[in-house]
Amino acid sequence: MSARAGTAPEDTAGTGELVVGTKDAPPFAIKGEQGDWRGISIDLWRRIADKLKLQYRFVEAESVTALLDGVRAGTFDVAVAAITVTPAREQQVDFSTPYFHTGTGIAVQSDRIASWMPVIRSITSYSFMQALGALLALALLTGVLMWLFERRTNEGFGGGVVRGLSSGVFWSANAMTQRVDASIIPVTLPGRIVAVIWMVLSVIAVAAFTAAITSTLTTKRLHGMVNSLGDLSSVRVGIIQGTATEDALSRMRFKYRTVPSANDGFEALRKGTIDAFAYDRPILAWMIRQGGLSADLSEVTFEPQDYAIALRNDSGLRKQINIALLEAEQSEWWKDIQFRYLGQN
């Protein structure tokens, strides 16, 4: 049976057991084949419970939302997994001192180098079209100026408005691409001044445009479609419904698609129904490394997160748990646990 709210740790150990809710969230909560539990959060809870001499049993929930609902309703006395502290969740349940600091990561397809979709989307993007439009507008303006200055004294720009303008724009395009057309040469002083200025500016403009496009396409080709947080606005993002990531993307007004679980997110990524999968960074890294998944972790990290133990609002265990948790964090044992599961301190 569940321990009564407000009972001191030593009394709880003698009268009953705590119901500890958890869910599969490797490497923080990992369910074994025999139904046993281990992981960073699970091992931390065991150390705390041993320190406080608490009796407990684990009960699995389907999602973080179910865990928090269970704590709020009194079904669970404690919830331990990879539970992010948010203002909305703080209104529902109580939390211990955070014990792990991380952020939201983004997984992308590992076979992106073999795909031209990032390149195609870059070429058809608004920023690309905007730069291309600006370059063409400069060429058109130069062509119009050349026609205005040369139309009365230069046969190459004469023959009516349509023919003269087309000749001016054609000359401007030739000059921009560093081609020389001997049949159309400016003869007036204003025309030659415009020609010299345009030739110099076009060299700079084309060089800058080419460098920017080459850099963009190379980056997209080698590093995928998500190289900054802003890239999420132009790709199909998948997230797990009911997580802190959903709250973050909604707040930032990014469009997204929901999936039931992390495994479903990676499957959608593999099938190409989404371009990026956003979730807790250490969990993504663990799943990619341990599961041999065909995905890579982007360097982009956003929305800092703090993991903590969820408690009932009327729980009398919070202070004792916090003391035991802080003692565990300051020990060499905590460094060993993180190294065991994450390969780093």
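This is a predicted model, so every value here is computed, not measured. (Residues numbered from 1 in each chain as written. Predicted model: local features only at pLDDT ≥ 70, side-chain atom pairs only at ≥ 80, totals over all residues. Heavy atoms only, no water.)

(A) Quick peek at helix α12 (residues 318-329). Here α12 contains 12 residues, and its C-alpha end-to-end distance of 16 Å stays within 8% of the 16 Å for a straight helix at 1.5 Å per residue. Buried residues of α12: Ile321, Asn322, Ala324, Leu325 and Ala328, and no others. Looking at the buried side of α12, the elements it contacts are α2 (40-52), β12 (310-311) and α13 (332-342). (Helix = DSSP H or I, 4+ residues; strand = E, 2+ residues; numbered from the N terminus. Expected span 1.5 Å × (residues − 1). Buried < 20%, exposed > 50% of the residue type's maximum accessible area, 1.4 Å probe, protein only. Contact = heavy atoms within 4.5 Å.)

(B) Here's a closer look at the sheet that holds strand β11 (residues 295-307). In space, the 5 strands of this open sheet follow the order β9-β8-β10-β7-β11, with mixed pairing throughout. The two strands at the open ends of the sheet, each matched to only one other strand, are β9 (257-259) and β11. The mean angle between the axes of side-by-side strands here comes to 30°, regardless of whether they run parallel or antiparallel. Across 5 bridges, the pairing between strand β7 (residues 100-109) and strand β10 (residues 276-280) is antiparallel. What sits directly across from Gly105, in β10, is Tyr279. Contacts between helix α10 (residues 262-271) and the sheet are confined to β7, β8 (237-240), β9, β10 and β11, with β10 contributing the most and set at about 160° to the helix. (Pairing = 2+ DSSP bridges. Axes fitted to C-alpha atoms, helices over the stretch in contact; angles between N-to-C directions.)

(C) Region of interest: the packing of α2 against α12. The N-to-C vectors of α2 and α12 enclose an angle of 120°; their axes lie 9 Å apart at closest approach. When the axis of α2 is compared with that of α12, the two are oblique. Pair α2 / α12 crosses with right-handed handedness. Seen from α2, the contacting residues are Leu44, Trp45, Arg47, Ile48, Lys51 and Leu52; seen from α12, they are Gln320, Ile321, Ala324, Leu325, Glu327 and Ala328. Taken together, the residues that form the contact of α2 with α12 break down as 8 nonpolar, 1 polar and 3 charged. (Parallel < 35°, antiparallel > 145°, perpendicular 65-115°, else oblique. Left-handed = near helix turned anticlockwise from the far one by under 90°. Nonpolar A, V, L, I, M, F, W, Y, C, P; charged D, E, K, R; others polar.)

Nothing here speaks to function; it is geometry throughout.
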